[in-house]
Amino acid sequence: MDVEERSQKDNAPPSSEAPEKFGRTLRAQFLLEPECTYLNHGSYGALARPVADAANALRLQAERQPSRFMVEELPDLIRDSADSLGKYLGARGRDIVFVDNATTAVNAVLRSLAFLPGDEVVTTSFCYNAVRKTLEFITERANARLVTAEIPFPLISPADTVQAIASSMTRRTRLLVVDHVSSETGLVLPINDIVRLARSRNIPVLVDGAHAPGMLPVKLDQLDATWYAGNCHKWLGAPRGSGFLWTYSDFQPRVRPTTISHFVSNGYNRAFDWPGTKDFSAWLSVPAAIDFRASLGEAEIYAYCRRLTARAARLLSDTWQSDMGSPRGMMGFVATVALPSPTKATPAAAERIRHVLRTNHNLETFVKAIDDRFWVRVSAYVYNDLSEFERLAELAPKVAAEL
Ligand SMILES: Cc1ncc(COP(=O)(O)O)c(C=O)c1O
């Protein structure tokens, strides 16, 4: 569906409301406190009961005979889980390894690469802070240069992003690190065009897809990136601790886990599949999370959450008479809207708004200071409905006015 078609769908009248199984009806299936208005699924996810039950059952299975579990059952269970994730993401399971989170996946790639003095690594101004810190670490260590493509925000069009990245690349560019979905702004970047651009110049690409699986129909084999780092605990609905790394086969011999262990020389899968003794239930619960989504319907999840996100963004920006951070065609399940305030925005003041909303109003959302303005980032997931965003629309300006 193109941008235009999607925005027409988002504008559809309420008579085509989403199926009743979503929103409030579904909330009881999640372990969240029932009275909390939870508009921050994107940060840490939130578990549905059937997935939590599956994770608990796996933990109990391990306890029945820990040695047998670790030595004989675990290796195949991990590969089965990777196969299941691969099927979901349009990839081969053997190209996927699990790690604790996207930060670890990005670190595994970046710390496996060797740069020379004068080499350049390109990223964008949307780069997630933990990833930027890792990039600073590896480029400083090698006397290489970190180049930041400045992407305008609020963004007008996807082409601006591709243009900003293209003009930051030079003959010395050795790597591009780019978000699929930007954390701060929720913008869905035109990742196919960006990867195509880099590949046309023979530049390897690490895609930071921490937010994408479950929010966007990711097809890894078609994307043609070099590496794709992701999380299953956010939109896919698996327990925290279920990050992953997909690596194009030619590059697998060169990538090493962040923790070197027994099997580091035994190939990509084995090197990552044993990071030392730990609780593996999060990795192994990924198939249960995929099954839970299938029980709701993948297409219905996308339709409900996209539409709710678009409606929530419009509601907030109309109520607050303020800007949206992303054009409609670049929104997934996360939207960013400027929050008017008499006070100049600072990171501490943004945290304060968030704290007051959480503590005094039992409402969880994400507030950021960007270029002296407050921006509220909302997540819309299957258990949310529009009334929760109406609550935020009313409360947030009051809290901001009382800083
Ligand atoms: C774009 C992006 N990269 C990386 C991360 C880090 O994810 P984690 O904390 O699970 O490693 C996030 C988290 O929200 C993110 O949005």
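Residues numbered from 1 in each chain as written. Predicted model: local features only at pLDDT ≥ 70, side-chain atom pairs only at ≥ 80, totals over all residues. Heavy atoms only, no water.

Asker: Describe the site of the ligand, with residues and values.
Answerer: Thr103, Asp208, His211, Asn231 and Lys234 are the nearest of the 13 residues found near the ligand. Between Thr103 and the ligand, the recorded distance is 2.5 Å, taken from a side-chain N or O atom to an oxygen atom. Asn231 is positioned such that a nitrogen or oxygen atom in its side chain is 2.9 Å from an oxygen atom of the ligand. Residues of the shell around the ligand, tallied by class, amount to 4 nonpolar, 6 polar and 3 charged. (Near = heavy atom within 4 Å. Polar contact = N/O pair within 3.5 Å; in protein donor to acceptor, adjacent residues only side chain to side chain. Nonpolar A, V, L, I, M, F, W, Y, C, P; charged D, E, K, R; others polar.)

Asker: Describe the pairing of strand 9 (residues 334–339), and please don't skip the residues or the numbers.
Answerer: Buried residues dominate strand 9, accounting for 6 of its 6 residues. Covered by surrounding structure in strand 9 are Val334, Thr336 and Ala338 together with Ala335, Val337 and Leu339, the residues of both alternating faces. With 6 bridges joining them, strand 9 and strand 12 (residues 373–379) adopt antiparallel strand pairing. If you follow Ala335 over to strand 12, its bridge partner there is Val378. (Buried < 20%, exposed > 50% of the residue type's maximum accessible area, 1.4 Å probe, protein only. Helix = DSSP H or I, 4+ residues; strand = E, 2+ residues; numbered from the N terminus. Pairing = 2+ DSSP bridges.)

Asker: Talk me through helix 7 (residues 129–142); I want residue IDs and the actual numbers.
Answerer: Along its 14 residues, helix 7 runs 20 Å from first to last C-alpha, staying within 8% of the 20 Å computed at 1.5 Å per residue. Of the surrounding secondary structure, the elements contacted by the buried residues of helix 7 are helix 6 (102–110), strand 3 (120–124), strand 4 (145–149), strand 5 (173–179) and strand 6 (205–209). In the stretch just after helix 7, Asn143 is the one whose phi turns positive, near 60 degrees. (Expected span 1.5 Å × (residues − 1). Contact = heavy atoms within 4.5 Å.)

Asker: Outline unusual backbone geometry, supporting the account with residue identities and numerical values.
Answerer: In the segment running from Phe153 into Pro154, the intervening peptide bond is cis, with an omega of -5 degrees. Structurally, Pro154 can be placed in the loop between strand 4 and helix 8 (158–166). Notably, Asn143 is not glycine yet its phi reads approximately 60 degrees, a positive angle. Among the secondary structure elements, Asn143 is positioned in the loop between helix 7 and strand 4. One non-glycine residue, Asp371, adopts positive backbone phi at about 50 degrees. Checked against the element boundaries, Asp371 lands in the loop between strand 11 (366–370) and strand 12.

Asker: Go over the pattern of salt bridges with me, naming the residues and quoting the values.
Answerer: If charged atoms from side chains of opposite charge come close, those side chains can pair. Applying the stated criterion across every chain yields a total of 20 salt bridges. Across the salt bridge formed by Arg68 and Glu73, the nearest N and O atoms sit 3.0 Å from each other. For Arg68, a relative accessible area of 41% translates into the label partly exposed. Given the relative accessible area of 22%, Glu73 is considered partly exposed. With a closest N to O distance of 3.2 Å, Glu394 and Lys398 form a salt bridge. Of this pair, Glu394 and Lys398 are both found in helix 16 (residues 386–401), 4 residues apart, which corresponds to roughly one turn of the helix. A single salt-bridge network, built from bridges that share partners, covers Glu351, Arg354, Arg358 and Glu364. (Salt bridge = Lys/Arg side-chain N within 4 Å of Asp/Glu carboxyl O.)

Asker: Describe the domain arrangement of the protein chain, listing the residues and the values that go with them.
Answerer: In terms of domain boundaries, the protein chain breaks down into domain 1 (3–30 + 298–401) and domain 2 (52–292). For domain 1 versus domain 2, the separation of C-alpha centres amounts to 27 Å. Across the contact, 23 residues belong to domain 1 and 23 residues belong to domain 2. For the pair domain 1 and domain 2, the two sides together bury roughly 1900 Å², of which 63% comes from carbon and sulfur. Between the two partners, domain 1 and domain 2, sit 7 residue pairs in polar contact (both at pLDDT 80 or more). When residues of the side of domain 1 that touches domain 2 are traced back to their parent elements, those giving at least two are helix 14 (298–320), strand 9, strand 11 and strand 12. Here the side of domain 1 that touches domain 2 is composed, by residue class, of 12 nonpolar, 6 polar and 5 charged. (Domains from an automatic or database assignment. Buried area = accessible area lost by both parts, 1.4 Å probe.)

Asker: Residues and numbers for the sheet that holds strand 12, please.
Answerer: Paired through their backbone hydrogen bonds, the strands of a sheet run either parallel or antiparallel. Spatially, 3 strands are ordered 9-12-11 in an open sheet, and the strand pairing comes out antiparallel. What marks the edges here is a single partner per strand, and that holds for strand 9 and strand 11. Within this sheet the neighbouring strands show an average axis-to-axis angle of 30 degrees, counted without direction. Strands strand 9, strand 11 and strand 12 of the sheet are contacted by helix 15 (residues 347–361), whose axis makes an angle of about 160 degrees with strand 11. (Axes fitted to C-alpha atoms, helices over the stretch in contact; angles between N-to-C directions.)

Asker: An account of the packing of helix 15 against helix 16 is requested, with residue identities and associated values reported.
Answerer: Two numbers describe how helix 15 lies on helix 16: the axes approach to 10 Å, and their chain directions differ by 120 degrees. One way to sum up the angle between helix 15 and helix 16 is to call them oblique. The chirality of how helix 15 crosses helix 16 is right-handed. On the side of helix 15, the interface is formed by Ile353, Val356, Leu357 and His361, while helix 16 contributes Arg391, Leu392, Leu395, Ala396, Val399 and Ala400. In terms of residue class, the contact of helix 15 with helix 16 is built from 8 nonpolar, 1 polar and 1 charged. (Parallel < 35°, antiparallel > 145°, perpendicular 65-115°, else oblique. Left-handed = near helix turned anticlockwise from the far one by under 90°.)

Asker: Quick rundown of the sheet that holds strand 2 (residues 96–99)? Include the residues and the values.
Answerer: Strand order in the open sheet formed by 7 strands is 2-8-7-6-5-3-4, with mixed pairing between adjacent strands. In the strand order of this sheet, the two ends are held by strand 2 and strand 4, each with one partner. Direction aside, the axes of adjacent strands within the sheet are offset by 20 degrees on average. Sheet topology note: the strand 3/strand 5 ladder contains 3 bridges and is parallel. Considered in strand 5, the bridge of Glu120 is made with Thr173.

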